[in-house]
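# Observations on the model geometry
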Amino acid sequence: MSKSVIERSTLSAETLTVKRRFGLRGGSRVHWEARLDGVLANDDIEPVEGDLVFAQGEDTKTINFNVKPDSIPEILEVSDHIKI
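Residues numbered from 1 in each chain as written. Predicted model: local features only at pLDDT ≥ 70, side-chain atom pairs only at ≥ 80, totals over all residues. Heavy atoms only, no water.

On to the overall build of the chain. The number of helices and strands found in the chain is zero helices and seven strands. Counting helices and strands in the order they occur from the N terminus, the chain gives β-β-β-β-β-β-β. When each of the 84 residues of the chain is scored for burial, the buried share is 26%. Sequence-distant contacts, at least 24 apart, represent 63% of the contacts inside the chain between residues at least 6 apart. (Helix = DSSP H or I, 4+ residues; strand = E, 2+ residues; numbered from the N terminus. Buried < 20%, exposed > 50% of the residue type's maximum accessible area, 1.4 Å probe, protein only. Contact = heavy atoms within 4.5 Å.)

Okay, here's the thing in structure tokens:
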């Protein structure tokens, strides 16, 4: 799962919508991590990991995160993904 965002000169709030598929019976907990080139993206995103808890019948959750500004040109930052 991925989302393209524009890095601004100040901290910017973003969201990522996660849809639960393949049945809504029972609850479900999902751990997610934001990684860049295989490493937690601590310098680029906050928070870099968390958990989504779906109640029975619930099919949508939102990950709220902030994109941190930095001095690295975007052409050098290869976007990876948020792993769920």
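A separate point is the pairing of strand β2 (residues 28-36). Taken together, the six bridges between β2 and strand β5 (residues 49-54) define a ladder with antiparallel strand orientation. Counted as the bridge partner of valine 30 is leucine 52 from β5. With two bridges connecting them, β2 and strand β3 (residues 39-40) associate as antiparallel partners. In the strand pairing of β3, arginine 35 is matched with leucine 40. The hairpin formed by β2 and β3 contains two residues between the paired strands, and aspartate 37 there has a positive phi angle of roughly 55°. (Pairing = 2+ DSSP bridges.)

Note the cis peptide between glutamate 46 and proline 47, where omega equals -10°. With respect to the helices, strands and loops of the structure, proline 47 is situated in the loop between β4 (45-46) and β5. Of note, phenylalanine 22 is a non-glycine position whose phi angle comes to about 65°, a positive value. Given the relative accessible area of 79%, phenylalanine 22 is considered exposed.

With that settled, the discussion passes to the nonpolar core. The biggest cluster of nonpolar side chains holds eleven residues, and these are Leu16, Val18, Val30, Trp32, Ala34, Ile45, Leu52, Phe54, Ile63, Phe65 and Val67. Within the residue set of this core, elements represented by two or more residues are β1 (12-19), β2, β5 and β6 (60-67). (Core = buried A, V, L, I, M, F, W, Y, C linked by side-chain atoms within 4.5 Å.)

With antiparallel pairing, three strands are arranged side by side in an open sheet as β1-β6-β4. Unpaired on one side and paired on the other, β1 and β4 mark the two borders of the sheet. Pairing geometry for β1 and β6, over eight bridges, is antiparallel. Residue serine 12 lies in a different strand from β6, and its bridge partner there is valine 67.

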